[in-house]
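# Summary of the model geometry
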Amino acid sequence: MIKSILLPLAAALGLHSVAIAHEALPPGEIRTNGDIAFDKELKLGKLESNKIAITPDALQIFGSGSTGDIRAKSTPGATGTSRRLQDRFAERPSVIDYGADPTGAADSTAAFTAALASESPVSAPCGTFRIDSTVEVTKRADFRGAGTCTLLRFELPTGLPVLPAIDIKSTAAGSSLQSFRVDHQAHVRFYKPNTIYGGNTIASSAILVQSDDTSLSQVTVDNAYDNGIAVVRFAGKGFEFTPGSPKRYSLKTIRTSYCGVGSTPKAGAGIDVGTGSYGTVDDLVDIGSYGAFILDVGGGGQGAFSNMTGISTKADPNYHSYTFYVGSGNSTFTNLYSQEAEHSALWLDGFAGRTTMSNIIIKAPKSVGVQIKAGDTTISNLIVNSAGYTRSPGSVDAVQLDSTANKLSNVLINGLSVQNEFSTARYGINRLGSGPLTGAVVNATLSGAATATNNLPDTFAVVDGAVLSSVLTGAWTSYTPTVACATRGQFLTKVATAAQFRRVGKTVSVNLSAISIMDRGTCTGAINVSLPSNAATRTTFSGQETSVSGVALVGVIFEETSNLQIKHTDGTTPAVNGYVLTGRTEYQAQ
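Everything in this summary refers to the structure shown in the same document. (Residues numbered from 1 in each chain as written. Predicted model: local features only at pLDDT ≥ 70, side-chain atom pairs only at ≥ 80, totals over all residues. Heavy atoms only, no water.)

### So, the side chain of D316
- Within the element layout of this structure, D316 appears in the loop between β23 (304-311) and β24 (322-326).
- Within the buried core, D316 has no salt-bridge partner, and the shortest N-O distance to an opposite charge, that of K266, equals 5.0 Å.
- For D316, the side chain forms a polar contact with the main-chain nitrogen of K266, separated by 2.8 Å.
- A polar side-chain atom of D316 sits 2.8 Å from the main-chain amide nitrogen of N318.
- Not counting the four nearest positions on each side in its chain, D316 is found in contact with P265, K266, Y290 and S321. (Helix = DSSP H or I, 4+ residues; strand = E, 2+ residues; numbered from the N terminus. Buried < 20%, exposed > 50% of the residue type's maximum accessible area, 1.4 Å probe, protein only. Lys, Arg positive; Asp, Glu negative; His and termini not counted. Salt bridge = Lys/Arg side-chain N within 4 Å of Asp/Glu carboxyl O. Polar contact = N/O pair within 3.5 Å; in protein donor to acceptor, adjacent residues only side chain to side chain. Contact = heavy atoms within 4.5 Å.)

Take a look at the structure:
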């Protein structure tokens, strides 16, 4: 290895002493002090932790005809671009060594592809690298640019079907790419719709991440045909995805702008997590794209997303864009900011159940601030300022709860402030449709809306901070439970019931004030009592008969059911004429 590096350097530097001649190269050695030397004539460097390190006296020819320190001397790379010897030995290999042209005059696609397939750490200096086709990453890659000055300028000929600039294949698991910029140039090159991966639009994104355990950091993407970065895995070469993959992706410090300019309808975002799961996105800033962040329908979800900003999100007139679109569930979002979205700022679609969000600021969207269609949603600290900006005052809602298609359950917003710095909203909270809606908004300040709420049922509470404590300790709702014999084929003939429940978030408290057995009929076993909603987990119950015997009662709420089964502590039936069963329980709703 040392000889293969040394000989071309010697030739390039014109070192013709006998010690450097090919036929008379002295035997090399690694000395006990770590010096790498050839006899007494040439010292190459020092071995430190199995790496060659350049030292002040390294790369010198000793004896007669000494060249002195040659670290600053240079040799040409594959494209004729010279690099200092110190850089060649001290740094990781560069894409220039593989033939990349930092002037942008020549196509560097093959050079980048080869460098990223080397399975060795590789770098790229500042420069403009022309990329005429897709850089396919098929093996684990470790790439580091010099920052935004390392520009990959995509120059697929105008009018051809669009391609991604970088495609990190599923075989490249564990790849790390950082500190560079991609300009997809879809705004000036007028590409046609893509034909790869069955023509799936998401394959038109500037960067495709298909591999597990892959990280991108300090990456900038401009003018993407569809998304700037798409986390998606295709099931082969066709249109179909692999839901839930890739896994454990990491996108950190991402800057995107004007993405989605080529697709029809225009809907591309800075980042689109198409099918990935168990990943993270941290520190995203998008300007002027047709979405800042998408957690797509059918994606694996189960991610953690934080510190994301979208400025001036655009909207196709034939398609509603959102700064943040959430179409998959089981994820957490922290610190989101949207300013001057041309349409809505945040939409939690019906598939986004079990989403948790905190610290959301929506400022001056031209349409609705937040749309919620997903049940089991919890949002803490939500500010919607000037919904309907540039439109007629009082014409746009700050928050919409959409129950038009399905039941919308368990929506909890803890801390909602509707403000009117530039524009007054129509309603602070408005329910769309007439489907069932349950949940609450607590610590609400809705003064920035012409009307605080509209079309909300009794099962959805809106409480400001002054009366919050009374809501948490009172406001019971009466309901009439169904009571039946638990034993198949047996029946209770006559029962009278009185019960109440209250709900805060997912916690449901139930008070059975009186289950009166007036005629036990044929029932000789436990009895079943219906609850106001399904329980997420198995929960116990305790109570007492209060009219005849005073005996204790026990019971169980079965998971994923709305059924409480009650019996005596000794297992015998509580279905006794004249008995009045009472008790209280608390469970977590499904």
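### Focus on the sheet that holds strand β42 (residues 552-557)
- The sheet built from nine strands is open, its strands ordered β36-β38-β39-β44-β41-β42-β43-β40-β37 with antiparallel pairing. The open sheet has two edge strands, β36 (477-479) and β37 (483-485), and neither has a second partner. Averaged over all neighbouring strand pairs, the angle between strand axes comes to 25°, with direction disregarded.
- Sheet analysis places β37 next to strand β40 (residues 527-530), joined by three bridges and oriented antiparallel. By the bridge assignment for β40, A484 is matched with N528. (Pairing = 2+ DSSP bridges. Axes fitted to C-alpha atoms, helices over the stretch in contact; angles between N-to-C directions.)

### Observations concerning the pattern of salt bridges
- Enumeration according to the criterion identifies 12 salt bridges in this entry.
- Across the pair K139 and E119 runs a salt bridge whose closest N-O atoms are separated by 3.9 Å. Here E119 lies in the loop between α3 (109-116) and β9 (121-123) and K139 lies in the loop between β11 (135-137) and β12 (142-144), a separation of 20 residues in the sequence.
- A residue is classified by how much of its surface remains accessible, and K139, at 37% relative accessible area, is partly exposed.
- The partner of D167 in a salt bridge is K169, and the shortest N-O contact between them spans 3.1 Å.
- It is possible to trace a salt-bridge network through shared partners that takes in E136, D167 and K169.

### A few points about the state of the cysteines
- Summed over all chains, the structure comprises two disulfides.
- Two residues, C126 and C149, share a disulfide whose sulfurs are 1.9 Å apart. On the S-S bond that ties C126 to C149, the torsion sits near -55°, and the link is left-handed. Within this pair, whereas C126 is found in the loop between β9 and β10 (127-131), its partner C149 is found in the loop between β12 and β13 (150-154), the two being separated by 23 residues in sequence. (Disulfide = S-S within 2.5 Å.)

### A few points about the nonpolar core
- Ranked by size, the top nonpolar core spans 88 residues in total, and within it V95, I166, I207, F293 and L382 carry the most contacts.
- Element by element, the count of residues in this core is highest for strand β31 (residues 408-419), at five residues.
- If we skip the residues at most four places from it in the chain, L382 touches I360, I362, V370, V399, I413, G415, L416 and S417.
- Counting 26 residues, the second largest nonpolar core, distinct from the first, contains L492, L531, A535 and A589. (Core = buried A, V, L, I, M, F, W, Y, C linked by side-chain atoms within 4.5 Å.)

### So, the environment of G415
- Looking at where G415 falls in the secondary structure, it is placed in strand β31.
- Judged by its relative accessible area of 14%, G415 is buried.
- A sequence separation of 57 residues divides G415 from S358, and the C-alpha atoms of the two residues are 9.7 Å apart.
- Leaving out residues up to four positions away in the same chain, G415 has contacts with N381, L382, V442 and N443.

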